[in-house]
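# Report on the structure
Each chain is listed here by its residues.
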Amino acid sequence: MRSSLLLLGLCAFSVYPLLAQPNPDRPDLRQGAYFSEADGAKTLAEYGKLHQDRAGWEKRAALIRQGIRDGLRLPEKPAFAPLKPIRHSLRTLDGYTVENVAFESVPGFYVTGNLYRPVSLKGKTAAVLCPHGHTAKQDARFVEQTQQRCATMARLGAVVFVYDMLGYGDSRQCDHKIAEAPRLQTLNSIRALDFLTSLPEVDRERVAVSGESGGGTQTFLLTALDPRVKVSVPVVMVSAHFFGGCVCESGMPIHKRPTHETDNVEIAALAAPRPMLMVSDGKDWTKNTPNVEFPYVQRIYGYYNAKDRVENLHLAAEGHDYGPSKRAAAYRFLAKHLKLDLNRILKDGQIDESTNTLLTPADLAVFNDAYPRPANAVMGDEAVMSLLK
Ligand SMILES: [Zn+2]
């Protein structure tokens, strides 16, 4: 029962929260469809009684933020290896470039991904960090929707870094579902921000993060923890009743703490008052967003007189993906809040992705015969877990 629930969470493009059972073996966790829709909404309304103004919210926000740190056993200052990025296979395409990149996170573990940049960069520009969701073939970095969004954001003028989940793409040092996956993925996200903001062309005041599904979870966790994130676009994930179906999202106790209980709506609201676009749809656990999750988050932005900085795009007829209409909303929101020129990606008033080039996984590979994985990369679940001790 439990494993089938977790499996459901892995099928990013056809996922439905059919099972709603707390896990009796892990009473400290809220996983998957932990609440019914009605109970999720009711519980969120109860949380809403715990704060009435900015001061009240900030007290609770500090508790929730500390709860994430403690739940993930995240040190205040993680001990990372020196950032010595490996960059190769630069390709110049129509309006943007792509490179294959790796760098060390915790010593012995490498973050792998692709760096997309606009051509003819002048001065400093904005940056977007792109985590991704789950796919059955563990190839989410290479799939069309991911390549399209990275290419278009680069054409829009941003420096974009998309990085593998554990066990995906080039990240083959351990299995995806190691017990402390949420901890290592969060450390990798922080290190990916270090990488992006280390680039001389990146304006550190204009840094966004956006991902869908499991990448949405990574988006709101990183935004909650790291003030370097200035704009957040979590896609098809923020829910009052669903807590993430995979161990990498809900496998460590961030929602139930000795001091409080919370959900992903409140975690996403830790973005306030930074601009945030919540993208939701009619066919997954974000189906109630316009009536449940969004009003809650908007009320918190209201404490900062910043209701106009949080938006919800709800696509009632759509499903669980980061498809063209969701991407279009993200591009417009990012252009507005990162001060980028939307005209760069418009054709006849519409967003045009027809000039993007889809590359093969081999084109995008970080590690291959010519560029082998560095010798100090540890291999295997146990070896990776021991790095976290
Ligand atoms: Zn996962």
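Overview of the structure. All values derive from a computational prediction rather than experimental measurement. (Residues numbered from 1 in each chain as written. Predicted model: local features only at pLDDT ≥ 70, side-chain atom pairs only at ≥ 80, totals over all residues. Heavy atoms only, no water.)

### Some words on empty space enclosed by the protein
Heads up, the rule is: Grid points spaced at 1 Å and placed over the protein atoms alone form the basis of the search, with a cavity being a set where a 1.4 Å probe fits but cannot get out and a pocket an open set showing protein on both sides within 12 Å along at least five of seven lines. Lining residues have an atom within 4 Å of a point. Grid points are joined across faces, edges and corners, and a volume is the space filled by probe spheres set on the points. A run of H or I in DSSP becomes a helix once it reaches four residues, and a run of E becomes a strand once it reaches two; helices and strands are each numbered from the N terminus. Throughout this entry, Asp, Glu, Lys and Arg are counted as charged residues, while Ala, Val, Leu, Ile, Met, Phe, Trp, Tyr, Cys and Pro are counted as nonpolar. The remaining residues, Gly among them, count as polar.
Evaluation of the coordinates by the stated rule reveals three cavities of 30 Å³ or more. Of the pockets and cavities examined, the largest cavity occupies roughly 50 Å³. In terms of lining residues, the largest cavity is bounded by Pro-182, Gln-185, Thr-186, Ser-189, Gly-214, Thr-217, Gln-218, Leu-221, Leu-222, Cys-248 and Glu-249. Per-element tally for the lining of the largest cavity: the top contributor is helix H6 (residues 214–225), with five residues. Across the lining of the largest cavity, the residue classes tally to four nonpolar, six polar and one charged.

### Topic: the pattern of salt bridges
Filter applied, for reference: By convention in these notes, a salt bridge is any Lys or Arg side-chain nitrogen within 4 Å of a carboxyl oxygen on Asp or Glu. Here the term buried applies to any residue with accessible area under 20% of the maximum for its type, exposed to any over 50%, and partly exposed to those in between, with areas from a 1.4 Å probe on protein chains only.
Inspection of every chain in the model, using the stated rule, returns 24 salt bridges. Between Glu-180 and Arg-73 there is a salt bridge whose closest N-O contact spans 2.3 Å. In this pair, Glu-180 is assigned in the loop between strand E5 (159–163) and helix H5 (181–198) and Arg-73 in the loop between helix H3 (54–72) and strand E1 (86–92), connecting sequence segments 107 residues apart. In this structure Glu-180 comes out as buried when scored by relative accessible area, which is 12%. Of the charged contacts, one joins Arg-149 and Glu-212 as a salt bridge, the two residues approaching to 3.1 Å between their closest N and O atoms. With Arg-149 in helix H4 (residues 144–156) and Glu-212 in strand E6 (residues 202–212), the pair connects residues that are 63 residues apart, well separated along the chain. Given a relative accessible area of 1%, Arg-149 falls into the buried group. Judged by relative accessible area, which is 3%, Glu-212 ranks as buried. Here the salt bridges share partners, and the residues they tie into one network are Arg-87, Glu-99, Arg-117 and Glu-201.

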